[in-house]
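# A look at the structure
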Amino acid sequence: MSILVLAEQHDGQLAETTAHVVAAAKAIGGDIDVLVAGEHVGAIAEAAARLDGVSRVRVADSAVYAHQLAEPLGELLVALADDYSHVLAAATTTGKNVMPRLAALKDVAQLSEIIAVESADTFKRPIYAGNAIATVQSPDALKVMTVRATAFDAVAETGAASVEAVETVVDNALSRFVGEELASSDRPELGAAKVVISGGRGMGSGDNFTLLEGIADKLGAAIGASRAAVDAGFVPNDMQVGQTGKIVAPELYIAVGISGAIQHLAGMKDSKVIVAINKDEEAPIFQVADYGLVGDLFEILPELESKL
Amino acid sequence: MKVLVAVKRVIDYNVKIRVKPDNSDVDLTNVKMAMNPFCEIAVEEAVRLKEKGVATEVVAVTVGPKAAQEQLRTALALGADRAIHVQTDERVESLGAAKALAKVVEAEQPELTILGKQAIDSDNNQTGQMLAALTGRPQGTFASAVVVEDGKLKVTREIDGGLQTVELALPAIVTTDLRLNEPRYAKLPDIMKAKKKPLDTKTPEELGVEVASRLTLVKVEPPAERQGGVKVGSVDELVDKLKNEAKVIS
Ligand SMILES: Cc1cc2nc3c(=O)[nH]c(=O)nc-3n(C[C@H](O)[C@H](O)[C@H](O)COP(=O)(O)OP(=O)(O)OC[C@H]3O[C@@H](n4cnc5c(N)ncnc54)[C@H](O)[C@@H]3O)c2cc1C
């Protein structure tokens, strides 16, 4: 078997999630190649070459891949896929955007967001917002999958893979990158943070999220939010945790002013320890919380910050 | 410009699902079904484009069992002009749905096709992208804003790092994210009127596509239950527990 892993990039660097996807590839077993596609990605390729278990890094360095647009990236994957039994990407917005194109053009099903490898053709994945876990077997010669990074422990960085350029050239007349507004933050990435503190509608306003910042600073935490908080315009969309936002599984998740709708729980219920702060003692979030504190967040948060 | 909008019949998002005792699947008997929430957003966007005079016709399509006509009628009540039902009792996954939709796109030639980014049953997040690939059209997935401008489509996409804007050649495929719009509710007179709007039924055989999933569903299990925890009485107690019991802070 031979497996191709699409490298995930973040801020011009190799994203943490890639090391988790390589771990999933190792669980399948076989030769592992990593594809790095982008513009000026030499440093990313070098970082990928250090991932344990990777034998070869293939680099497609061209402006056409600069923003990971699905159309050219999909075409590149189609051109390379014949060498592989499995093609994997992280279940990020990049992976979700491009992998189904590869699957469709190869006339194979895609397995989305796998959380366990049972064998080389059988995988577990959550369905219905994680309220059921399906075990699915694929008879296709090529398996196209996205991987939930939090379900696999990252591989170490002790490897020394070879790095090779990919000759294939694709062009793209269909789509054009116009611009992006990326959230910049000194805090850890939501998906990779050891501690996450999230605010919901109960926060009342975007300004009140400063109450979470002091605590996040002390704990080295990332800040997340419920959909209601994002919809209300308190905070930007990239902070949403849940079925349709980010999936997190930190050591500690603190939910503040969040009721605990199933769609929110889908994004955080695999956290090791969950703390809920809510004034409604009946709030469903308490059913999944290891430690619940009933009370007004506007009193609790300043006290918590001072006592940490 | 003609707009095609795809909708899926799924379990109502408020319903707590149950796994069948034999672990063969999720139990959907006597469960409330509805239009997938992301598809509601897709229909709303199509109807708004028509109200703005950008779209001339809105065609709703679904791939699914006979009962899925309910969701097509909902789309018609919300403002779609006519509907196409690709009727099948097979277990259809994204690839099969995309193949059937590709045939409909071929026949209807819409300038714009809008789908929800994911269905809340399979949580696949694949069909729109697959449809785009099969029809050779560009895609604007996870859209939070869609603007038709000078014969092109500008799509703002919700990506992990924030927002990205892309420009797509038309015809194109768009999938909706939650913040694209807030769907309206169908009014009673519109629901009555929708009953008279044209609804065409086709079979996958007539379209010449195979829609049944090739994947084997080996088993479906409930997720590991979290142990319910304790309520603490004060911030001091919370900090103490986190430090000394859970040992997640120092
Ligand atoms: C298709 C679909 C997808 C969705 N995807 C997601 C998703 O990815 N992520 C997500 O989060 N949601 C998602 N949702 C929305 C979800 O159903 C809930 O509406 C949402 O999670 C509610 O957010 P909330 O808990 O912040 O708000 P609410 O449910 O309004 O809860 C607010 C809570 O704050 C508490 N509170 C208020 N004031 C205070 C105070 N002063 N002190 C302490 N507590 C206070 C209240 O008691 C209440 O429990 C989705 C919904 C749909 C239909």
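Data block above holds the structure.
The sections below set out a description of the structure shown in this document. It should be emphasised that the depicted structure is a prediction, and the values quoted were computed from it without experimental measurement.

### Regarding the packing of helix α4 (residues 93–105) of chain A against helix α4 (residues 127–135) of chain B
With their axes 8 Å apart at the nearest point, α4(A) and α4(B) run at an angle of 50° to one another. Between α4(A) and α4(B), the interaxial angle falls into the category oblique. Every pair of crossing elements has a handedness; the one defined by α4(A) and α4(B) is right-handed. From α4(A), Lys96(A), Asn97(A), Pro100(A), Arg101(A), Ala103(A), Ala104(A) and Leu105(A) reach across to α4(B), where they touch Gln129(B), Met130(B), Ala132(B), Ala133(B) and Leu134(B). Residues that form the contact of α4(A) with α4(B) fall into these classes: eight nonpolar, two polar and two charged.

### Notes on the interface of chain A and chain B
Chain A puts 84 residues into the contact, and the matching count from chain B is 75 residues. Interface area lost by chain A to chain B is led by Thr93(A), Tyr128(A) and Tyr291(A), which between them contribute 12%. For the pair chain A and chain B, the number of links is eight salt bridges. For Asp236(B), the salt bridge goes to Lys307(A), with nearest N and O atoms at 3.3 Å. On inspection of chain A and its partner chain B, the count reaches 46 residue pairs in polar contact (both at pLDDT 80 or more). Pairing between strand β13 (residues 175–182) of chain A and strand β9 (residues 162–169) of chain B: seven bridges, direction antiparallel. Residue pairing across strands places Glu180(A) opposite Gln164(B), the latter belonging to β9(B).

### Focus: the sheet that holds strand β5 (residues 56–61) of chain A
All names here are of chain A. Spatially, the seven strands line up as an open sheet ordered β7-β11-β6-β1-β4-β5-β12, and their pairing is parallel. Each end of this open sheet is capped by a strand with a single partner; those strands are β7 (110–114) and β12 (162–165). On average, each strand axis in the sheet is tilted by 25° relative to the strand beside it, whichever way the strands run. Where strand β1 (residues 2–6) and strand β4 (residues 31–38) come together, five bridges link them in parallel fashion. Residue pairing in the sheet places Ile 3 in a bridge with Ile 32 of β4.

### Thoughts on the pairing of strand β11 (residues 143–147) of chain A
Residues and elements named next belong to chain A. Counting buried residues in β11 gives five out of five residues, a clear majority hidden from the surface. Of the two faces of β11, the one holding Lys 143, Met 145 and Val 147 and the one holding Val 144 and Thr 146 are both buried throughout. Summarising the sheet, β7 and β11 pair through three bridges and their orientation is parallel. Bridging from a neighbouring strand, Gln 110 pairs with Val 144 of β11.

### With respect to the pattern of salt bridges
For the coordinates displayed, the defined rule picks out 36 salt bridges over all chains. Three or more residues joined by partner-sharing salt bridges are found here, namely Asp107(A), Asp140(A), Lys99(B) and Arg214(B).

### Observations regarding empty space enclosed by the protein
Inspection of the entire model under this criterion finds three cavities of 30 Å³ or more. The space that makes up the largest cavity amounts to roughly 180 Å³. Lining the largest cavity are 19 residues, with Glu113(A), Arg148(A), Gln243(A), Gln118(B) and Asp123(B) positioned closest to its centre. Among the elements of the structure, β7 and β9 (122–127) of chain A are those that each provide at least two residues to the lining of the largest cavity. Structurally, the lining of the largest cavity is a two-domain feature, drawing no fewer than three residues from each of domain 1 (2–165) and domain 2 (190–307) of chain A. Of the volumes computed, that of the second largest cavity is approximately 110 Å³.

### Let's talk about the pairing of strand β14 (residues 195–199) of chain A
On any regular strand, side chains alternate: one points to one face of the sheet, the next to the other face. Residues and elements named next belong to chain A. Here β14 lies mainly inside the structure; five of its five residues are buried. By the alternation rule, side chains of β14 split into Val 195, Ile 197 and Gly 199 and Val 196 and Ser 198, which are all buried. As judged from the five bridges shared by β14 and strand β16 (residues 252–256), these two strands associate in the parallel manner. For Ser 198, the partnering residue across the bridge sits in β16 and is Ala 255. Relative to strand β15 (residues 222–225), β14 runs parallel, the two sharing four bridges. Within β15, the residue paired with Ile 197 across the bridge is Ile 223. In the classification by handedness, the crossover that spans β14, the intervening helix α5 (residues 210–219) and the parallel β15 is right-handed.

Conventions we followed
- Residues numbered from 1 in each chain as written.
- Chains lettered and ligands numbered in written order.
- Predicted model: local features only at pLDDT ≥ 70, side-chain atom pairs only at ≥ 80, totals over all residues.
- Heavy atoms only, no water.
- Axes fitted to C-alpha atoms, helices over the stretch in contact; angles between N-to-C directions.
- Helix = DSSP H or I, 4+ residues; strand = E, 2+ residues; numbered from the N terminus.
- Parallel < 35°, antiparallel > 145°, perpendicular 65-115°, else oblique.
- Left-handed = near helix turned anticlockwise from the far one by under 90°.
- Contact = heavy atoms within 4.5 Å.
- Nonpolar A, V, L, I, M, F, W, Y, C, P; charged D, E, K, R; others polar.
- Buried area = accessible area lost by both parts, 1.4 Å probe.
- Salt bridge = Lys/Arg side-chain N within 4 Å of Asp/Glu carboxyl O.
- Polar contact = N/O pair within 3.5 Å; in protein donor to acceptor, adjacent residues only side chain to side chain.
- Pairing = 2+ DSSP bridges.
- Buried < 20%, exposed > 50% of the residue type's maximum accessible area, 1.4 Å probe, protein only.
- 1 Å grid on protein atoms, 1.4 Å probe; cavity = no way out; pocket = protein on both sides within 12 Å on 5 of 7 lines; lining within 4 Å.
- Points joined across faces, edges and corners; volume = space filled by probe spheres on them.
- Domains from an automatic or database assignment.
- Right-handed = clockwise from strand over helix to strand, strands pointing away.

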